[in-house]
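Per-entry structural report
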Amino acid sequence: MTSLRVRIGILGLVLLAGSAAPASPAAAAVVPAPTVEEQRLDRAVPREILERSGFDAVPLRFTRALGTAHSFAEARKVVVRQGSALWQRAVDRAQGRGPAGGDLSRDDDRPLYWARLGMTREVRTWEPSFGLTETQRAALLGELERTSRGQTAVRYPGGDRLKRVLVTGFDPFTLDRDIRISNPSGASALALDGTVIETAEGPARVETVVFPVRWQDFTDQTVERALRPYLKKVDLFTTVSQGRVGRFDVERTNGAWRGGFPDNDNVGVTGVVPVPDPASQPQWTSTTLPYKAIVDADTGRFPVYDNTSVTEIPVGGTVPVVRADGPTAGSAARAGGGGNYLSNEIAYRVTLLRDRLGLHDVLPGGHVHTPVLEFGTGNTDPATGAVTDPGFVKNRLDIIAQVRAILVVAVEKAT
């Protein structure tokens, strides 16, 4: 609560300073309110997660730095610098570098998520004395999203000594169901970013990025912008998300359909996945990961399945049909193996991008679903449960370790 009072005090000073100067036409524009996602910051669980990791100071420092900017150009520099620093701090914490900042386990992805929202909320509601157009505000938010998600920090060394692997993860989601939720795909991204894994085919450098759970960002092609520069340079990629209870799945087929489940802003969208050049858009794309080898290997505690199921509307039909062995010719997609939410969509988008770049036969890539990250025994009530427990931490660590082991197998068998 002390940190909250400090934050409010700082915000008051910033707004006071802004009101002392004459308002320009740009500054007179309506300032957007915090999003549904950002409004959850005011609840007790996010505050506790931030305080127990030391990340509660991140939005405060960002507010102070932003308050020193006297132009859009200066503000942009602040956003890029501090967004990049947030990503690196989260990666360092997850990989054991520097202070833990509190008693929350280092493998936790939630401090990054909630600290980023604290920063985006500041930019979204900021009223600088020099005035900020809607276009400029959107540009600052875009820079903050990209830098704090590792999307501008992908670096592979030159030469052929190392294989190059690209992995994506997601933010926590379904937060109105349980605001304590962590996403093991995001945690895996933090644990693996910049690391070198040893395989029978030699060392492989892993670079990772994290994506939001918001339909609009995907409509705006955030996935394609972030990953297109790297697909021709990597030896293997896999998108990763949280899937079913107690199991990993290698998703064989991805569908071009949005099923409408609400995102982190409580927005649901139904319809064909919107991509460039829709006239040439296929209903289905497929994995090129060595799925049989991954399924057969002993990669860890959880079983791994080759998931071939889809939901389609067959040619001439009107009713969706579940097909256990993949889509039939000419059918319309209603769900890929990974469903029809954003995990299916990222798999569809990246494999479609792979194919459109002419890489289908030379670049192994696809989607892996992790098990649902569950809290420990007796800690299942979202209203009264603890934000962490030993079983919760063990489950997340086991999932992270198994994602790493799956990557080893994928690199070895895809070579």
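This text goes with the structure placed above it.
Computed from a prediction, not measured in an experiment: that's the story for all the values here.

**Let's talk about the pattern of salt bridges**
Summed over the entire model, instances satisfying the criterion amount to 32 salt bridges. Of the charged contacts in the structure, one is a salt bridge between Arg214 and Glu37, with a shortest N-O distance of 2.8 Å. Residue Arg214 is located in the loop between strand 3 (202-211) and helix 9 (215-219), and its partner Glu37 is located in helix 2 (residues 36-39); the two are separated by 177 residues in the primary sequence. Measuring nitrogen to oxygen at the nearest pair gives 4.0 Å for the salt bridge that ties Asp176 to Arg43. Of this pair, Asp176 sits in the loop between strand 1 (163-170) and helix 8 (184-192) while Arg43 sits in the loop between helix 2 and helix 3 (44-51), and the two are 133 residues apart along the sequence. On the accessibility criterion, Asp176 (46% relative accessible area) is partly exposed. The network of salt bridges with shared partners includes Glu37, Arg116, Glu145, Arg149, Asp171, Arg214 and Asp217.

**What about the layout of surface pockets?**
Any empty space left between atoms is shown by rolling a water-sized probe over those atoms. By volume, the largest pocket is sized at about 570 Å³. Surrounding the largest pocket, 29 residues form its lining, Phe173, Thr174, Arg177, Gln242 and Val372 being those nearest its centre. Elements supplying a minimum of two residues to the lining of the largest pocket: strand 4 (236-242) and helix 12 (342-356). When its residues are assigned to classes, the lining of the largest pocket shows 12 nonpolar, 12 polar and 5 charged. Quantified by volume, the second largest pocket comes out at close to 440 Å³. Lining the second largest pocket are 20 residues, with Leu141, Glu145, Arg214, Asp217 and Asp220 sitting closest to its centre. Contributing elements (two or more residues each) for the lining of the second largest pocket: helix 2, helix 6 (110-125), helix 7 (134-148), helix 9 and helix 10 (222-231).

**Digging into the packing of aromatic side chains**
One pass over the structure, following the stated rule, counts 9 aromatic pairs. A centroid spacing of 5.7 Å and a plane angle of 80° characterise the contact between Trp126 and Phe130, whose relative ring orientation is edge-to-face. Using a relative accessible area of 7% as the deciding quantity, one classes Trp126 as buried. Using a relative accessible area of 24% as the deciding quantity, one classes Phe130 as partly exposed. The interplanar angle of 80° and the centroid separation of 5.6 Å between the aromatic rings of Trp215 and Tyr341 together place this pair among those described as edge-to-face. Here Trp215, found in helix 9, pairs with Tyr341, found in the loop between strand 13 (332-335) and helix 12; they are 126 residues apart in sequence, far enough to count as distant. An aromatic cluster is defined as three or more aromatic residues linked by ring pairs; in this entry it consists of Phe173, Trp215, Phe261 and Tyr341. One residue, Arg180, lies across the ring of Phe375, its end atom 3.9 Å from the ring centre. One residue, Arg334, lies across the ring of Trp257, its end atom 3.7 Å from the ring centre.

Calculation criteria
Residues numbered from 1 in each chain as written. Predicted model: local features only at pLDDT ≥ 70, side-chain atom pairs only at ≥ 80, totals over all residues. Heavy atoms only, no water. Salt bridge = Lys/Arg side-chain N within 4 Å of Asp/Glu carboxyl O. Helix = DSSP H or I, 4+ residues; strand = E, 2+ residues; numbered from the N terminus. Buried < 20%, exposed > 50% of the residue type's maximum accessible area, 1.4 Å probe, protein only. 1 Å grid on protein atoms, 1.4 Å probe; cavity = no way out; pocket = protein on both sides within 12 Å on 5 of 7 lines; lining within 4 Å. Points joined across faces, edges and corners; volume = space filled by probe spheres on them. Nonpolar A, V, L, I, M, F, W, Y, C, P; charged D, E, K, R; others polar. Phe/Tyr/Trp six-rings, centres within 6.5 Å; stacked < 30°, edge-to-face > 60°. Lys NZ or Arg CZ within 6 Å of the ring centre and 35° of its normal.

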